[in-house]
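# Geometric and topological summary
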Amino acid sequence: MDDKPYPRPQRTKRSPLRLSLMALGLAAILTGVGLVAVPLIGVWQRGHADQTALSSWQKGGSNALVGAPAVSTPAPKTALTCGSGSPADYALVTFSSPASEHYGGVATDGTWDSLHNRSMVHYTGTPAPGQQGNSIIAFHREPDYEHIDQLNVGDTVSVQDRTCHTFAYKITGRWTLDPNNVSQLVPTTGHDLTLITCTPFWVDSQRLVWRASLVTTTA
């Protein structure tokens, strides 16, 4: 029997190149996770803000609003207040189509930067609902309006302001445009509403644009 001890196994030293490659791979994985997680967190935060604003608005006097009003009524003799307690909530927007989705949301008033925190914005400086000119409202499809591409010519959009006036617009035109095509955002001489969102859903490479004309005003 051999009395010599067995040799101890030698530890394999990892080369600096291998360690560098492993570090780069880990960094790439973490970067990929961040690229996916950050937008999803943003969508979740916007969705939460949207639901809070919608719930608050509905408690403030617009519970009876469902789709577009059918008949005009005289203006109220006393001033009424609708909406929420937040001055950031500008107007309630509801869509008649797709009817099964009951789409509606509260727009804030601001620039495109407002879309970082809210899903819908009335572009500041364009006419208020019901006024002459081209009132512009832009919104994200994610997370609240996945099937809004079913909104077509002839459908209606209702906008209720903070004085409890509801303005019903009928869709008269619809376009799919490149992001740099802003031809539909110019001022008009009618009482118009222009809606903008991204398409396809989650891809956002193009823009869906609708033009609508005022048909009724209800107080």
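Above this note sits the structure.
Below or above, wherever it landed, is the structure these notes cover. None of the values given here were measured: they were computed from a predicted structure.

This part is about the nonpolar core. One finds Phe95 and Leu195 to be the most contacted residues of the largest nonpolar core, which totals 21 residues. Of all the elements in the fold, those that place two or more residues in this core are strand E1 (91-95), strand E4 (133-139), strand E5 (156-160), strand E6 (166-177), strand E7 (191-199) and strand E8 (206-218). Excluding residues within four positions of it along the chain, Phe95 makes contact with Tyr103, Met120, Phe139, Tyr145, Ile148, Leu151, Thr156, Val157 and Leu195. Membership of the second largest hydrophobic core comes to seven residues, among which are Leu115, Ala138, Leu177 and Val209.

Right, let's talk about the sheet that holds E8 for a bit. Strand order in the closed barrel formed by eight strands is E1-E2-E3-E4-E7-E8-E6-E5, and the pairing between neighbours is mixed. Looking at each pair of strands side by side, their axes are set apart by 30 degrees on average, direction ignored. Sheet analysis places E1 next to strand E2 (residues 104-110), joined by four bridges and oriented antiparallel. Each residue of the ladder has a partner; that of Leu92, found in E2, is Val106.

Here the focus is the pairing of E1. A large share of E1 lies buried, amounting to five of its five residues. For E1 and E5, the ladder comprises four bridges, and the chain directions are antiparallel. If you follow Leu92 over to E5, its bridge partner there is Gln160.

Next up on the list: the packing of aromatic side chains. Evaluation of the coordinates by the stated rule reveals seven aromatic pairs. A centroid spacing of 5.4 Å and a plane angle of 70 degrees characterise the contact between Tyr103 and Tyr145, whose relative ring orientation is edge-to-face. Of this pair, Tyr103 sits in the loop between E1 and E2 while Tyr145 is found in the loop between E4 and E5, placing the two residues 42 residues apart along the sequence. Side by side, Tyr103 and Tyr145 carry an identical accessibility label, which is buried. Geometrically, the ring pair formed by Phe201 and Trp202 is edge-to-face, given 5.6 Å between the ring centres and 65 degrees between the ring planes. An aromatic cluster is defined as three or more aromatic residues linked by ring pairs; in this entry it consists of Phe95, Tyr103, Phe139, Tyr145 and Trp210.

Each value, and the rule that gives it
- Starting from 1, residues in each chain are numbered consecutively following that chain's sequence as written.
- Only residues with pLDDT of at least 70 are given local features in this predicted model, and only at 80 or more are side-chain atom pairs given and counted; all residues enter the totals for whole chains, interfaces and linings.
- Excluding hydrogens and water, the side-chain figures rest on all heavy atoms present in the structure.
- Here, the term nonpolar core denotes a set of buried Ala, Val, Leu, Ile, Met, Phe, Trp, Tyr and Cys residues that are joined through side-chain atoms within 4.5 Å.
- Buried residues are those whose accessible area, probed at 1.4 Å on protein chains only, stays under 20% of the maximum for their type, while exposed residues exceed 50% and partly exposed ones sit between those limits.
- Helix and strand assignments come from DSSP, with helices taken as H or I runs of at least 4 residues and strands as E runs of at least 2, each series counted from the N terminus.
- Contacts are assigned to residue pairs that have any heavy atoms within 4.5 Å of one another.
- Strands are treated as partners if at least two bridges between them are detected by DSSP.
- Every axis corresponds to a line fitted to the C-alpha atoms, with the helix fit spanning only the stretch in contact, and the corresponding angles, defined between N-to-C directions, vary from 0 to 180 degrees.
- Ring pairs are drawn from Phe, Tyr and Trp, using the six-membered ring of Trp, whenever the two centres fall within 6.5 Å, and their geometry is named by plane angle: stacked under 30 degrees, edge-to-face over 60, tilted for the rest.

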